[in-house]
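# Tertiary structure, described
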Amino acid sequence: MSDRPFFSNLRCRECGRLYPKEAIHICEFDFGPLEAAYDYDAIRSSMTRQAVEARPRSMWRYRELLPVDGAPTVGAQVGFTPLVRASNLAARLGVADLFIKNDTVNYPTLSFKDRVVSVALTRARELGFDVVACASTGNLANSVAANAASAKLKSYVLIPADLEQGKVLGSLVYGTQVVGIHGPYDQVNRLCSEIAQKYHVGFVNVNLRPYYAEGSKTMGFEIMEQLGWRIPRHTVVCMASGSLLTKIHKAYSEFIKIGLVEEVPYSIHGAQAHGCCPISTAMKRGSDIVKPVAEPKTIVKSLAIGTPADGYYAIHSMRQTEGVAEDCTDEEVLEGIRLLASTEGIFAETAGGVTVACAKKLIDSGRIPRNESIVLCITGHGLKTQEAIVGNCGEPQLISPSLREFDSRFGEELGAVKK
Ligand SMILES: *Cc1c(COP(=O)(O)O)cnc(C)c1O
Ligand SMILES: [Zn+2]
């Protein structure tokens, strides 16, 4: 790396004013969100395809485009999850060219949130924080708890009290302080803003949000590299705050800007669950005003954010790329989970069910043409949201340990492969 810093400033998304690279997230003049700004000319010469390909297989191979000063000190192994060609699912959906970006196996906590936390906690250390925290719908809490434990940082994770057991246990086990709030995510988030004003704590998605958010770009970077350095025609992304979708858009445009991929038409589509779909509702109305959902009602708790911080920007990313938004019922979510599992052997959490179900609707209605390339972003593992699907996949066949009993149950269907 050269001695010119690649990551130069924070910049307001609204007015463009520059800010120093500190633990701040809002513009003082217009309350616009601050975002990392880079020196793309310096990056262009440092970050060639060859240079990247020679680096370790983690999200940090794109380090010039991440908002930290030094080497990663938290989560150096995160990312570079499989991009799977999904021929079986493609056949079922009636499309030609389909891939799954499989973040159900992201290291170490089995969701894409390890990407954002790796960046946020590396930056938290650079800024001198000893205590880190987050407001979470579950996966972020898991990742902050795990990564803080290994980085020897003290952590607090604040979550709605009614989350799935897998998500709660998946934070408690690391020895973090888990704080369950009686109320929906929006109230958890508001409390976190108040705490962040009072204490010197690095809240990954509050005062460290500009750093956190950039970690999501690596999902987009990996998709392009794994496709052989090209942008897929369609990308389907599930939305909570809308940040991941916005950052995949930023990732695609940055690779175009520094010449790593060719500029081609592409569309990014957003997916939500019917019981909490403020962003897709605004998109369908043709508006960019996101009306809050006061009481989310869906099994998809990881996406249940009633007042999405980046909803406005997600809408702009979809519009700019001629993408669309869709939502689906809880019943369709379960069908989506089973469809992905039974065709590709990938067990996704409820958010993944949303992505699959909404992609199916976009394909069936012709909004995604059947002959164009499609990537589905599958963001978290199904073992963490078991109560959503338990009882919906049948039950085991119970028999005694007896060959006769096995024969009477399965002998007929196995007849064809008899010795
Ligand atoms: C957090 C999360 C998302 C998307 O979150 P954004 O706030 O939109 O960036 C998607 N899937 C899962 C499983 C998540 O935990
Ligand atoms: Zn501003």
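Note that the structure is predicted; figures quoted are calculated from it, not measured.

## A few points about the overall build of the protein
Along the backbone of the protein there are 16 helices and 13 strands. Relative to a compact globule of 419 residues, whose C-alpha radius of gyration would be 22 Å, the protein shows 22 Å and is just as compact. Expressed along its principal axes, the backbone C-alpha trace of the protein runs to roughly 75 × 45 × 45 Å. For the protein, with 419 residues in total, the buried portion stands at 56%. On the protein, roughly 18000 Å² of surface is accessible, and the fraction owed to carbon and sulfur atoms is 52%.

## Brief notes about the coordination of the zinc ion (ligand 2)
Within the first shell, the zinc ion (ligand 2) binds the protein through C12 (SG), C15 (SG), C27 (SG), D30 (OD) and D30 (OD), at distances of 2.3 to 2.5 Å. Donor residues for the zinc ion (ligand 2), ordered by position in the chain, follow C-x2-C-x11-C-x2-D. Here C27 falls in the buried class, since its relative accessible area comes to 1%.

## Notes on the packing of helix α11 (residues 278-285) against helix α12 (residues 311-320)
Closest axis-to-axis distance for the α11/α12 pair is 10 Å, and the angle between their directions is 50°. As the angle between them shows, α11 and α12 are arranged oblique. The element α11 and its partner α12 pack so that their crossing is right-handed. Between α11 and α12, the contacting residues are I279, A282 and M283 on the first element and G311, A314, I315, M318 and R319 on the second.

## Quick look at unusual backbone geometry
Most peptide bonds take the trans form, and the phi angle of most residues other than glycine is negative. P108 follows Y107 through a cis peptide bond whose omega is 0°. Mapped onto the elements of the fold, P108 is located in the loop between β5 (98-102) and α4 (113-126). One non-glycine residue, E322, lies in positive phi territory at about 55°. Relative to the assigned elements, E322 resides in the loop between α12 and β12 (325-328).

## So, the site of ligand 1
Near ligand 1 there are 15 residues, and of these K113, N139, S241, L244 and T379 occur at the shortest range. Measuring from an oxygen atom of ligand 1, one finds a backbone N or O atom of L244 at 2.8 Å. With the chains in place, 97% of the 380 Å² that ligand 1 exposes on its own is no longer accessible. Across the shell around ligand 1, the residue classes break down as 7 nonpolar, 6 polar and 2 charged.

## Considering the packing of aromatic side chains
Under the defined criterion, the tally for this structure stands at 10 aromatic pairs. The structure contains a cluster of three or more aromatic residues connected by ring pairs, namely F7, Y38, Y40 and Y211. The positively charged end of R17 is found above the aromatic ring belonging to F29, 3.5 Å away from the centroid.

## As for the sheet that holds strand β1 (residues 7-12)
Read across the open sheet, the 3 strands follow the order β2-β1-β3; overall the sheet is antiparallel. Both outer strands of the open sheet, β2 (18-19) and β3 (34-38), are each paired with one neighbouring strand and no more.

## Topic: the state of the cysteines
Under the criterion given, the structure shown has 0 disulfides. Cysteine C238 remains unbridged, with the sulfur of C377 as its closest cysteine sulfur at 7.8 Å. Note on C238: relative accessible area 6%, which makes it buried. Left unpaired, C358 is separated from the closest cysteine sulfur, that of C328, by 3.9 Å. For C358, a relative accessible area of 0% puts it in the buried group.

## Some remarks on the pairing of strand β6 (residues 131-135)
Most of β6 sits inside the fold, with 5 of its 5 residues counted as buried. Of the two faces of β6, the one holding V131, A133 and A135 and the one holding V132 and C134 are both buried throughout. Note: β6 against strand β7 (residues 154-160), 5 bridges, orientation parallel. Its bridge partner being in β7, V132 is matched across the sheet by S155. Pairing of β6 with strand β9 (residues 202-203) involves 2 bridges; the strand directions are parallel. Of the residues in β9, the one forming a bridge with V132 is G202.

## Structural notes on a nonpolar patch on the surface
Residues I399, L403, F406, L414 and V417 make up a contiguous nonpolar surface patch of about 450 Å² in total accessible area. By the secondary structure assignment, V417 is in the segment after α16 (403-414).

## A closer look at the environment of K250
Relative to the elements of secondary structure, K250 occurs in helix α10 (residues 243-257). Residue classification places K250 among the buried residues on the basis of a relative accessible area of 12%. In sequence terms K250 and E222 are 28 residues apart; their C-alpha atoms lie 13 Å from each other. Once you skip the residues sitting within four places of it in the chain, K250 turns out to touch E35, A36, Y38, Y40, E214 and K217.

So, how was this worked out
- Residues numbered from 1 in each chain as written.
- Chains lettered and ligands numbered in written order.
- Predicted model: local features only at pLDDT ≥ 70, side-chain atom pairs only at ≥ 80, totals over all residues.
- Heavy atoms only, no water.
- Helix = DSSP H or I, 4+ residues; strand = E, 2+ residues; numbered from the N terminus.
- Rg over C-alpha atoms; globule rule 2.2 N^0.38 Å.
- Buried < 20%, exposed > 50% of the residue type's maximum accessible area, 1.4 Å probe, protein only.
- Areas by Shrake-Rupley, 256 points an atom, 1.4 Å probe, with all protein chains shown as cover.
- Donors = N, O, S within 2.8 Å, 3.2 Å for Na, K, Ca; no water.
- Axes fitted to C-alpha atoms, helices over the stretch in contact; angles between N-to-C directions.
- Parallel < 35°, antiparallel > 145°, perpendicular 65-115°, else oblique.
- Left-handed = near helix turned anticlockwise from the far one by under 90°.
- Contact = heavy atoms within 4.5 Å.
- Near = heavy atom within 4 Å.
- Polar contact = N/O pair within 3.5 Å; in protein donor to acceptor, adjacent residues only side chain to side chain.
- Nonpolar A, V, L, I, M, F, W, Y, C, P; charged D, E, K, R; others polar.
- Phe/Tyr/Trp six-rings, centres within 6.5 Å; stacked < 30°, edge-to-face > 60°.
- Lys NZ or Arg CZ within 6 Å of the ring centre and 35° of its normal.
- Pairing = 2+ DSSP bridges.
- Disulfide = S-S within 2.5 Å.
- Patch = residues over 30% accessible without salt bridge, like charges linked within 9 Å, V, L, I, M, F, W, Y side chains within 5 Å.
- Salt bridge = Lys/Arg side-chain N within 4 Å of Asp/Glu carboxyl O.

In short, shape yes, function no, at least from these values alone.
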